[in-house]
Amino acid sequence: MDTRQAKDDAIEPVLLLPPRLTASGYKTLERCGCIARRWHTEGRHGSRVRADPATGKMSLPLLRRRSVEDLLRRAAASAAGAPAALSELLAASGVEVGEAPAAPAKVPREEPFDAAVHAERAPSSFAADLRRFLAERKRERAGGEAQRAPVQEQATPEEKQAHERVQEQVQVQERTAARAQAQDPTERERAQERTAGRIQEQEQAQERTAERVQEQRQAQDQGERGQARERTTERAQERAAEPAPARAASFTFCELFAGIGGFGHALEALGGACVFASEIFPPSRQVYRANLRRNALPGGAVAGDIWSVPSAAIPRHDLLVGGFPCQPFSSLGDQPGLEDEKVSMGRKLSAGAVHEHAGRGQLYTQIVRILSDCRPAAFLLENVPGLLLTDSGNAFGTIVAALEGAGYMVSTEVYSSRGLTAQSRKRVYLTGLLRPENGGGDPSPFLFPFLPDLGLRAADVLHPEGELEAGLAAAGVPDEVLAGVEARPSPASLFRLSDAQMDQLLTRSRAWKPAKLAWGNTTCATLDSHYGVTVGKGNSQLVPSPAPHHPRRFTPRECARLMGFSNSFRLGAYTPSTFSKPLPGYGDFVGFNTYIKEQYHMLGNAVCPPVIAVLAGALLARCPRLEGRRDWVDAGLWAAIGLSLDSLAPSRVAAVEDRLVNEALEAA
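Procedures and definitions
Residues numbered from 1 in each chain as written. Predicted model: local features only at pLDDT ≥ 70, side-chain atom pairs only at ≥ 80, totals over all residues. Heavy atoms only, no water. Helix = DSSP H or I, 4+ residues; strand = E, 2+ residues; numbered from the N terminus. Buried < 20%, exposed > 50% of the residue type's maximum accessible area, 1.4 Å probe, protein only. Contact = heavy atoms within 4.5 Å. Areas by Shrake-Rupley, 256 points an atom, 1.4 Å probe, with all protein chains shown as cover. Pairing = 2+ DSSP bridges. Disulfide = S-S within 2.5 Å. Salt bridge = Lys/Arg side-chain N within 4 Å of Asp/Glu carboxyl O. Phe/Tyr/Trp six-rings, centres within 6.5 Å; stacked < 30°, edge-to-face > 60°. Core = buried A, V, L, I, M, F, W, Y, C linked by side-chain atoms within 4.5 Å. Axes fitted to C-alpha atoms, helices over the stretch in contact; angles between N-to-C directions. Parallel < 35°, antiparallel > 145°, perpendicular 65-115°, else oblique. Nonpolar A, V, L, I, M, F, W, Y, C, P; charged D, E, K, R; others polar.

**Q** Honestly, the overall build of the protein in this entry has me stumped. Any pointers?
**A** Looking only at helices and strands, the protein has 19 helices and 10 strands in total. Per-residue burial over the protein gives 46% buried out of 668 residues. In the protein, once contacts between residues fewer than 6 apart in sequence are set aside, the share between residues at least 24 apart is 74%. A total of about 34,100 Å² of accessible surface is found on the protein, and carbon and sulfur atoms cover 50% of it.

**Q** Where do I start with the pairing of strand S3 (residues 58–61) in this structure?
**A** In summary, the side chains of a regular strand alternate between the two faces of the sheet. Alternating positions in S3 separate into two faces, Met58 and Leu60 on one and Ser59 and Pro61 on the other, with burial throughout. Bridge count between strand S1 (residues 11–17) and S3: 4 bridges; the pairing is antiparallel. In the strand pairing of S3, leucine 17 is matched with methionine 58. Taken together, the 2 bridges between strand S2 (residues 50–51) and S3 define a ladder with antiparallel strand orientation. Considered in S3, the bridge of alanine 51 is made with methionine 58. Hairpin connection between S2 and S3: a loop of 6 residues separates the two successive antiparallel strands, and glycine 56 in this loop has a positive phi of roughly 80 degrees.

**Q** Sorry, what's going on with the state of the cysteines here?
**A** By definition, a disulfide links the sulfur atoms of two cysteine residues through a covalent bond. Taken as a whole and judged by the stated rule, the model has 0 disulfides. Cysteine cysteine 524 remains unbridged, with the sulfur of cysteine 559 as its closest cysteine sulfur at 9.5 Å.

**Q** It is not clear to me how the pattern of salt bridges should be interpreted in this structure. Could you clarify?
**A** Between side chains of opposite charge, a pair can form when the charged atoms approach closely. Per the counting criterion, the structure on display carries 18 salt bridges. The shortest N-O distance in the salt bridge between glutamate 136 and arginine 139 comes to 2.6 Å. Of the two residues, glutamate 136 and arginine 139 are both situated in helix H5 (residues 126–148); the distance of 3 residues between them amounts to about one turn of the helix. Residue glutamate 136 is classed as partly exposed on the basis of its relative accessible area of 34%. In this structure, a network of salt bridges that share partners links the residues Arg137, Arg141, Asp646 and Glu657.

**Q** Mind showing me how you'd approach the packing of aromatic side chains here?
**A** For any pair of aromatic rings, the description rests on two quantities: the centre-to-centre distance and the angle between the ring planes. Counted according to the given criterion, the structure contains 13 aromatic pairs. With centroids separated by 5.6 Å and ring planes inclined at 20 degrees, the aromatic side chains of phenylalanine 126 and tryptophan 638 adopt a geometry described as stacked. One end of the pair, phenylalanine 126, is in helix H5; the other, tryptophan 638, is in helix H18 (residues 632–646), and 512 residues separate them in sequence. Neither residue differs from the other here; phenylalanine 126 and tryptophan 638 are each classed as buried. Among the aromatic residues, those joined into a cluster by ring pairs are Phe126, Phe133, Phe450 and Trp638.

**Q** Explain the nonpolar core to me, please; I cannot follow it from the model alone.
**A** If you look at soluble globular proteins, the nonpolar side chains tend to sit buried side by side. If you look at the biggest cluster of nonpolar residues, it comprises 108 residues, and the most contacted ones within it are Leu319, Val477, Phe554 and Ile641. Setting aside anything within four residues of it in sequence, one finds isoleucine 641 in contact with Phe126, Leu130, Phe133, Pro452 and Leu454. Of all hydrophobic cores here, the second largest spans 31 residues; its members include Trp307, Tyr364, Ile367 and Ala406.

**Q** Is there a simple way to think about the packing of helix H3 (residues 66–76) against helix H4 (residues 84–91) in this case?
**A** Here H3 crosses H4 at 70 degrees, and the two axes come no closer than 8 Å. Classed by the angle they form, the pair H3 and H4 counts as roughly perpendicular. Counted together, Leu71, Leu72, Ala75 and Ala76 of H3 and Leu86, Ser87 and Leu90 of H4 form the full contact between these two elements. Tallied by class, residues from the contact of H3 with H4 come to 6 nonpolar, 1 polar and no charged.

**Q** Teacher, can you tell me more about unusual backbone geometry here?
**A** If a residue is not glycine, its phi is most likely negative; likewise, a peptide bond is most likely trans. Of the consecutive residues alanine 547 and proline 548, the connecting peptide bond is found in the cis state with omega at 10 degrees. Take proline 548: it is sitting in the loop between helix H14 (499–507) and helix H15 (556–563). Phi at phenylalanine 257 is positive, roughly 50 degrees, even though this residue is not glycine. By the element assignment, phenylalanine 257 lies in the loop between strand S5 (251–256) and helix H8 (262–269).

**Q** Which parts of the structure should I look at to understand the pairing of strand S10 (residues 426–434)?
**A** Counting buried residues in S10 gives 8 out of 9 residues, a clear majority hidden from the surface. As paired elements, strand S8 (residues 378–383) and S10 share 6 bridges and run antiparallel to each other. If you follow alanine 378 over to S10, its bridge partner there is leucine 433. As paired strands, strand S9 (residues 408–416) and S10 are joined by 9 bridges and run antiparallel to one another. Looking at the pairing, methionine 409 lines up with leucine 433 of S10.

**Q** Explanation requested: the sheet that holds S3 in the structure shown.
**A** Backbone-to-backbone hydrogen bonds pair the strands of a sheet. The strands run either parallel or antiparallel. Spatial strand order, S2-S3-S1-S4: 4 strands in an open sheet with antiparallel pairing. Both outer strands of the open sheet, S2 and strand S4 (96–101), are each paired with one neighbouring strand and no more. On top of the sheet, helix H2 (residues 22–31) reaches S1 and S3; it is set at about 15 degrees to S3, its chief contact.

Shown next, in the form of structure tokens:
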């Protein structure tokens, strides 16, 4: 920061007024947008109203905005269009606009919480291993940047020949000069003139040759670039139409109720290959196909309704994973439990007969069926903690008993994603190991593994200031959603609350408080599938915006980062026929809100890949066929940490890694 900027930050514009006018003056400035509110980034710590010792007046800090300066100037002059209340305030006796030393910024209180799980099971060398891991990541990034650096072009044959001719000319000149030195002065001068003439002619000829070569190269480059673009387009079309390339797999897995592929995203990072996946919601299947390898899937396709898939159609696999629907057990609903007869949204959108027992509450039975028939070595399931309490715990007991009846030793535990993501997301995980009498291995109980605390906060995943203004792509939204719109709103404004929503939030919501915003140094609240649906009721966490703007919703990319999906993970595609509802206030065009809510729905229903990687690594270590192939517990831990770091905002990666290195050094 330069000296001038530091000086500007040391003082701030204020309104000085008698103490008796403080309350009414503050309300007037609020209504006119001249001061920061508690939900603005500048107003997090309150109004900062204080007494001015030099004048005995009260000092009300004003926003550093040119628009505020202009408004105050017009109000002081009682100009047309200026708020009458503001003009009246400025005309009052003892009221004046001035400057004062800026109040010291309050240091946000750090959250005194260690989110590590089972710290007693952490490797003794974890701190040293973390430093090495982060150093290796840094080297890989540096290597990637070096590979992206411009490569010097190799000389063409024509250029090489021209260079050789120049060298020959230099040698001729040197020989001529040597002979001339042995001759008389007159002859020497003539020889030098003849040599100079020949050299000039050769240089001119060389220049003409170089120009012709350059023209040929430009024409050739243009042709090659055009052909390269055509080949690139063809290859992109071929890749989009064909399954992802095969890769040698360390293990195989089956993913039920796959959603957008959170389990698969983690297991592929561990070296696994999915041999069967099912998901009934078509948009989720599209996201799954866009991100996960499908070369090992039957026909390269993601199956739909699991009720209609016979067990014989599912290939053998080492690990079965799935997050069966949580709505029957969620505390956000009525918790009908196993008696829930509703069908999923995907089933409503899919054609075909509905099984007579296909309610959401009974979908766990399909997991039990496949476990009984296919007998994988282990399984990993995820659901909401409400499952433990639904029907006074009877629903949970019934599910565990069914899983044990399929031949497995079942263990359960509630884990929070707080250690590996910037979100506090508690989920109950059910693990199962095939009993020895059914072909399993070690009969000892499963021990849930160590999960580290990386200390991630909202600032590590939110868009930095100005990034959203670069375009919708940064938010994870296809630009096509605004196709045909002449006067496009700014990307950030599309996610901000409207005046009506903000008014509802302030006047009708008892639950909402500015302290619940996603401030940079805080852990974000749990993201659910209803995010963004009723923001005016205070049910969705919002992101503070600079004054005078209202808070905004998370973008889909920020939601993906909160869940632990890497920045390379592709989000939902845009289909004009699906999102045809116009956006109120922006004219008759495609339904931006409809599209965004679908992304929120899919991401809120997903699992956190980093947590899955940790748990899956510990489970794979107990699979008899895989024992001894690698240190699976260790592999799961580092895959999880890698996924977490890959999900951060790119501008925050280096800072987070440096902090972790320093913390590891202190721990050592």
